[in-house]
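As a plain string of letters, each chain reads:
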Amino acid sequence: MAEHPPQTRLICSVTRRTVAAMRQAMAAARDRGADAVECRLDYLDEQPTETDLAALLDDPPLPVIVTNRPAAEGGRFTGDEVERLGVLAAAARAGADLIDVERAVPPGDRPAGRTILSHHDFDGVPGDLDRIAEDMDASSSAIDKIAFAAAGPADALRALDLLRDARKPTIALAMGQAGLASRILAKKLGAFGTFAALEPGAESAPGQPTLEEFTGLYRWAAIGPDTAVSGVIGCPVAHSMSPAIHNAAFEAAGLDAVYVPLLVQGGAEHFNRFLDALVARPWLNWRGLSVTIPHKENALAYVGAANCDPLAVAIGAVNTITLSPDGSLRGDNTDYAAAIDALCDCLGIERESLAGRGVAVLGAGGVARAIVAALAHYRAEVTVYNRTVSRGEKLAAEFACRAAGRDALGDLDAEIVINCTSVGMHPDVNASPLERIPPCVAVVFDTIYNPLETRLLADARAAGARTVTGLDMFVNQGAAQFERWTGAEAPRHVMRDVLEEALTRGH
Ligand code: NAP
């Protein structure tokens, strides 16, 4: 391996049980875009002999790091320490490009060879992190590696700090789902490498993405020092489709940008901690945040009403934060705009022409609230129908609309129907919130996007009404975020295709 890497290596951690399987996995890793492999000898059924090591390291398809991690540092080796270190020394003699030696091993016991000196903490960020990093920087190792468990994405930023300050080739990772950003943004900060799994289930540490996720979903090839960053804050966030949509859109638009998932536990204190950490690091070039459950109210509180779209303030929820290079923040609610614009596109009208039109909103939850507030703002004649009547009445009263129970749906008299309940959502795809589509209804909009065509929409189509789908709304809100953060026109067709593909695959 070159002493001064041209770019951060994508290192595939190979966790097979036999030497033969490890050799096969090395070739597969090369084919899937890895720059190097880490052979985890502690995953082998038996510790390798010198003959095994010769077979493993004979003319390998990629540069090889050899690791033999003890259980105390998150590995699987539970045997004798002298044996463990002996195997590492033998691997170095057999031609391993690098051997990983834990910092806990006394300097006098460390095997000879070109080493990665590693430190792992599975409890969290070490209290003396900076001192550890300085010690390692001053050691004779070729490369330093520090990995610690992340309680939130603010800890991922601590790992990026280490990379920024490092004086020699360094790997710094925050482990676990909350630390994922540190693995993806390692390349932006010029890390020596980042670790990837060959396939799902083959991870050697918590939170490790697969090679395919790095090279496809997270645009590994495109990431560089100037890459603009954005991401989605939520809990849970692992199944969010936003990273796939935004990264595909960045790719299609040829933008130097990447979008990452950010698992932030519920509670304003966790949200505020991450935002404070982000704002304090302007060098990250962080441009935008999508905000989802349970943090939309926290986002409004953090950004402050004075810096938010007034309608987002009336709704009480911000789902989009835009960070300016000068450090200022702006809050928006692209959910309401997405819904209203999808509806207006279908009707072929401007928002102002919603005035006086009769709209039946089914539901009184978070999505209904955003849509009712916007419809009321544009002076549509709104009636809220909700299962829990008191909740519907409260929402209607707040925005000067009418409310009714679901038993009144038989007398529904509106040009537009919008379903904001979860009735009809996968897997209850045969359910519908409206038994019959009355002839007065010209447009039916279902905010549900899974399935792509709900029973309500199929019934509406059969009854001759025009339809707006949850997918139309989803694409609109993602596109609005993209345009706010980049100033470029969003490639909507790409965003739609990615969503459709993901939703079709999900079944
Ligand atoms: P929420 O706050 O939990 O509200 C759920 C609403 O559905 C409430 O009004 C609830 O009535 C009603 N409901 C639930 N189960 C019901 C049932 N069995 N019968 C009758 N009513 C029922 O949820 P939300 O965040 O507003 O999300 C609502 C829907 O919006 C979701 O299903 C989702 O598919 C969709 N959505 C779409 C997008 C998009 O971009 N297209 C984005 C987000 C959400 P009660 O008040 O009586 O409980």
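Owing to the predicted nature of the structure, the values given are computational and were not obtained by experimental measurement.

Colleague: Where do I start with the overall build of the protein in this structure?
Modeller: Scanning the protein for helices and strands turns up 17 helices and 19 strands. Its C-alpha atoms give the protein principal-axis dimensions of about 85 × 45 × 40 Å. Burial status across the protein gives 57% buried among its 507 residues. Considering only residue pairs separated by 6 or more positions, the protein has 66% of its internal contacts joining residues 24 or more positions apart. Of the accessible surface of the protein, which amounts to about 20,700 Å², a share of 49% is contributed by carbon and sulfur atoms. Within the protein, one finds 46 positive and 66 negative side-chain charges whose respective centroids are separated by 2 Å.

Colleague: Looking at this structure, how should I read the sheet that holds strand β2 (residues 36–40)?
Modeller: Note: strands within a sheet are paired through backbone hydrogen bonds, in either parallel or antiparallel orientation. Overall, parallel pairing links the 8 strands, which are arranged β7-β6-β5-β4-β3-β2-β1-β8 in an open sheet. Looking at the sheet topology across the chains shown, the edges are occupied by β7 (170–175) and β8 (193–197). In this sheet, adjacent strand axes meet at a mean angle of 25° when their direction is disregarded. Here 4 bridges tie strand β1 (residues 9–14) to β2, and the two strands are oriented parallel to one another.

Colleague: For this particular structure, what's the right way to read the domain arrangement of the protein?
Modeller: What the domain assignment reports for the protein is domain 1 (9–225), domain 2 (231–332 + 475–504) and domain 3 (348–468). Computed over C-alpha atoms, the centres of domain 1 and domain 2 are 31 Å apart. Facing the 23 residues of domain 1 at the interface are 26 residues of domain 2. Between domain 1 and domain 2 lies a buried interface of about 2,000 Å² when both sides are counted; carbon and sulfur atoms form 64% of it. The interface formed by domain 1 and domain 2 holds 3 salt bridges in total.

Colleague: How do you make sense of unusual backbone geometry when you look at a structure like this?
Modeller: What is expected of a backbone is that most residues other than glycine have negative phi and most peptide bonds are trans. With an omega dihedral of 5°, the bond running from Ile-293 to Pro-294 counts as a cis peptide bond. As for its placement among the helices and strands, Pro-294 is situated in the loop between β11 (286–291) and α10 (296–303). The step from Asn-450 to Pro-451 runs through a cis peptide bond, and the omega angle for that step is 10°. Looking at where Pro-451 falls in the secondary structure, it is placed in the loop between β18 (443–446) and α15 (455–462). Located in the positive-phi region is Arg-219, a residue other than glycine, with phi close to 55°. Checked against the element boundaries, Arg-219 lands in the loop between α7 (211–217) and β9 (228–234). By relative accessible area, Arg-219 is classed as buried at 6%. Backbone geometry places Ala-400, a non-glycine residue, at a positive phi of 55°. Examined against the element boundaries, Ala-400 turns out to sit in the loop between α14 (389–398) and β16 (402–405). Judged by its relative accessible area of 74%, Ala-400 is exposed.

Parameters at a glance
- Residues numbered from 1 in each chain as written.
- Predicted model: local features only at pLDDT ≥ 70, side-chain atom pairs only at ≥ 80, totals over all residues.
- Heavy atoms only, no water.
- Helix = DSSP H or I, 4+ residues; strand = E, 2+ residues; numbered from the N terminus.
- Buried < 20%, exposed > 50% of the residue type's maximum accessible area, 1.4 Å probe, protein only.
- Contact = heavy atoms within 4.5 Å.
- Areas by Shrake-Rupley, 256 points an atom, 1.4 Å probe, with all protein chains shown as cover.
- Lys, Arg positive; Asp, Glu negative; His and termini not counted.
- Charge placed at Lys NZ, Arg CZ, Asp CG, Glu CD.
- Pairing = 2+ DSSP bridges.
- Axes fitted to C-alpha atoms, helices over the stretch in contact; angles between N-to-C directions.
- Domains from an automatic or database assignment.
- Buried area = accessible area lost by both parts, 1.4 Å probe.
- Salt bridge = Lys/Arg side-chain N within 4 Å of Asp/Glu carboxyl O.

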